[in-house]
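Structural characterization, general
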Amino acid sequence: NVVADRRGKESLAAGFKKSLIAAPGCKLVSADYSGIEAVFVGWFSGDPDYIRSAWLGVHARLTAQSVGKPANMSWSNERLVEYFHEMKAAHPVPYDRSKRCIHGTSYGLTPYGMHDRFPEIFPTVKIAQEFQNQIFAMEPKMKLWHHRVREHAHEQHYLGGVGAHPFGYKHWFWDVYHYSTINETTAVYREKNNLPWARLKGKAYKIDLGEDAKRCIAFFPQSAAAGKMKEDALELWDTESEWYIGDAWFGQTPLRAIVHDEFLLEVPDGLVDQVTRKLLAVMGREITQMPCPEEWVLGPFLRVGATVKVGQSWGEMQELASYTPGLGTKTGLAGELGDGIEYDLAGELEETEAESDYAYSRHGRESEAEPF
């Protein structure tokens, strides 16, 4: 995937993906997590409403808010999904801005940065600022979380570790804040306008965000997403697991690539149904390393959604099945694969998640990590 290439179906990335084709009698199966980093931002910042939005359509929720038609979060999940679909279809430009703004803001991108990186989407800094203000109104805990993470990384020069990260990951940060000397007039100006500055050993300094200011914010959700994906890969390719798919391609592994948050597999036509069941069951299971407080009413542990697509080439795939926490599983694809698949994985997901001894075996215990 060429991330910077955004020219749609005529892009270099799209052309490359179309060139990857399954062997005769097989299909390419793509399984990716739905909004996993947005879900994890909600968990680390301690906001269950944001988690629910990430499950159901956080970009469309911001779109609705930006056009003056905010969703009512007391609605049922089904009603919210229906409304979010309406907003996405009716407001394509605000929806595109919402996608860029949410991802950027979650990881510390400023309105100036959004305008600089996406001038065609945010033609002015003012437009970017307006969208970012809407995000902070929708997710009021995000800004405080950013501040806490930066302060913590600045003070101890690292984040995470066993007991402080769901998967025990640890990373070092040395330039969260950057200090530059200023004169007394500038110091008075910054004090009057509530701009960050400090006095150290008699000298005045302005405080700017350093190179690690955005990296330290991205660390927790991105590394936790990597941990979740690795745990699921180990489960799917463990010969002792009931969800083993490591021999699904004529006795050999069907795995062809892991890209970002996606598993790409090549699967014989007769095994697509079975492999899809196993993928969704594992990818949608509870994350025992990420417990949820009881008052969140999201269940004892966090979940993320997943979507499985299928096609003859990687560039031309159709959705086959998906799992959304709070909604269950949607399945069925008519056409090339026949009449479609009809099954409900909700029961299987409940039976195969953390209660089993196997689900705990990789870590030996539940994680002590909590939302940051």
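These notes cover the structure that comes with them. (Residues numbered from 1 in each chain as written. Predicted model: local features only at pLDDT ≥ 70, side-chain atom pairs only at ≥ 80, totals over all residues. Heavy atoms only, no water.)

1. Describing the overall build of the protein chain
Filter applied, for reference: In this description a helix means any DSSP run of H or I spanning at least four residues, a strand means any run of E spanning at least two, and both kinds are numbered starting from the N terminus. The rule is simple: take the accessible area with a 1.4 Å probe, protein chains only, and divide by the maximum for that residue type; under 20% is buried, over 50% is exposed, in between is partly exposed. Between two residues, a contact is recorded if the distance between any of their heavy atoms is within 4.5 Å. Note on areas: Shrake-Rupley, 1.4 Å probe, and residue coverage restricted to the protein chains presented here.
Helix and strand content of the protein chain: 14 helices and 13 strands. The buried share of the protein chain, reckoned over its 372 residues, is 49%. Considering only residue pairs separated by 6 or more positions, the protein chain has 63% of its internal contacts joining residues 24 or more positions apart. As displayed, the protein chain offers around 18500 Å² of accessible surface, 51% of which is attributable to carbon and sulfur atoms.

2. Digging into the packing of aromatic side chains
What characterises a pair of aromatic rings is the spacing of the ring centres plus the angle enclosed by the ring planes. Worth spelling out the cut-off: The criterion for an aromatic pair is that two Phe, Tyr or Trp rings (for Trp, the six-membered ring) have centres within 6.5 Å, with stacked assigned to planes under 30 degrees apart, edge-to-face to planes over 60 apart and tilted to the rest. Should the NZ of a Lys or the CZ of an Arg lie within 6 Å of a ring centre and within 35 degrees of the ring normal, that charge is described as sitting over the ring.
This structure, assessed with the given rule, holds twelve aromatic pairs. Judged by centre distance (5.4 Å) and plane angle (75 degrees), the rings of Trp-249 and Phe-250 are edge-to-face. Members of the aromatic cluster, connected to one another through ring pairs, are Trp-43, Phe-44, Phe-173, Phe-219 and Phe-220. The ring of Trp-75 carries the charged tip of Arg-79 above its face, separated from the ring centre by 4.6 Å. Between the NZ or CZ atom of Lys-170 and the centre of the ring of Tyr-158, over which it lies, the distance is 4.3 Å.

3. Let's talk about the sheet that holds strand 7 (residues 255–259)
Cut-off, in case you're wondering: Two strands pair if DSSP finds at least two bridges between them. Here, axes are lines fitted to C-alpha atoms. For helices the fit covers the stretch in contact, and angles between N-to-C directions go from 0 to 180 degrees.
Across the sheet, which stays open at both edges, the six strands sit in the order 7-8-1-11-12-13 with antiparallel pairing between neighbours. The open sheet terminates on both sides in strands that have one partner only, identified here as strand 7 and strand 13 (328–331). Strand-to-strand twist in this sheet, taken as the mean axis angle between neighbours without regard to direction, amounts to 20 degrees. Where strand 7 lies against strand 8 (residues 262–268), four bridges are found, and the strand directions are antiparallel. From the neighbouring strand, Val-259 faces strand 8, where its bridge partner is Glu-262.

4. With respect to the sheet that holds strand 4 (residues 177–181)
Note on sheets: strands pair through backbone hydrogen bonds, and any given pair is parallel or antiparallel. One open sheet accounts for three strands, arranged 4-6-5; its pairing is antiparallel. Edge strands, defined here as strands with exactly one partner in the open sheet, are strand 4 and strand 5 (197–200). Taken over all neighbouring pairs, the strand axes of this sheet differ in orientation by 35 degrees on average, direction set aside. Examined bridge by bridge, strand 4 and strand 6 (residues 203–209) share five bridges and lie antiparallel to one another. Pairing of His-178 across the sheet is with Asp-208, part of strand 6. The strands touched by helix 10 (residues 184–192) within the sheet are strand 5 and strand 6, with strand 6 carrying the most contacts at an inclination of about 50 degrees.

5. Let's talk about helix 5 (residues 77–90)
The test is simple: To estimate how far a helix should extend, the number of its residues minus one is multiplied by 1.5 Å. The arc in question is formed by the directions pointing from the helix axis toward the C-beta atoms.
The terminal C-alpha atoms of helix 5 lie 20 Å apart, and with 14 residues this matches the ideal 20 Å at 1.5 Å per residue to within 8%. Considered for burial, the residues of helix 5 that qualify are Asn-77, Leu-80, Val-81, Tyr-83, Phe-84 and Met-87. For helix 5, the angular spread of buried residues about the axis comes to 165 degrees, placing them on one side. Exposed and facing more than 90 degrees away from the buried side of helix 5 are His-85 and Ala-89. Considering only its buried residues, helix 5 is in contact with helix 3 (48–56) and helix 4 (58–66).

6. Some details on the pattern of salt bridges
The condition is simple: For this analysis, a salt bridge means a side-chain nitrogen from Lys or Arg found within 4 Å of a carboxyl oxygen belonging to Asp or Glu.
As enumerated under the stated definition, the model contains eleven salt bridges in all. Linking Lys-27 and Asp-269 is a salt bridge whose minimum nitrogen-to-oxygen distance equals 3.1 Å. With Lys-27 in strand 1 (residues 26–34) and Asp-269 in the loop between strand 8 and helix 12 (272–283), the pair connects residues that are 242 residues apart, well separated along the chain. Owing to a relative accessible area of 7%, Lys-27 belongs among the buried residues under this scheme. Residue class for Asp-269 comes out partly exposed when judged on its relative accessible area of 38%. With a closest N to O distance of 3.3 Å, Arg-277 and Asp-273 form a salt bridge. Here the residue Arg-277 and the residue Asp-273 both occupy positions in helix 12, the gap between them amounting to four residues, near one helical turn. With a relative accessible area of 29%, Asp-273 lands in the partly exposed category. Within this structure, Lys-228, Asp-232, Glu-235 and Arg-285 form a network of salt bridges that share partners.

7. Describing the side chain of Arg-150
Definition in use: His is not counted, nor are the chain ends, whereas Lys and Arg count as positive and Asp and Glu as negative.
Take Arg-150: it is sitting in helix 9 (residues 141–156). Although Arg-150 is buried, it makes no salt bridge; Glu-151 carries the closest opposite charge, 8.3 Å away. The residues touching Arg-150, leaving out its near neighbours within four places in the chain, are Gly-108, Val-176, Tyr-177, Leu-209, Ala-213, Cys-216 and Ile-217.

No statement about biological role is implied by the geometric values presented.
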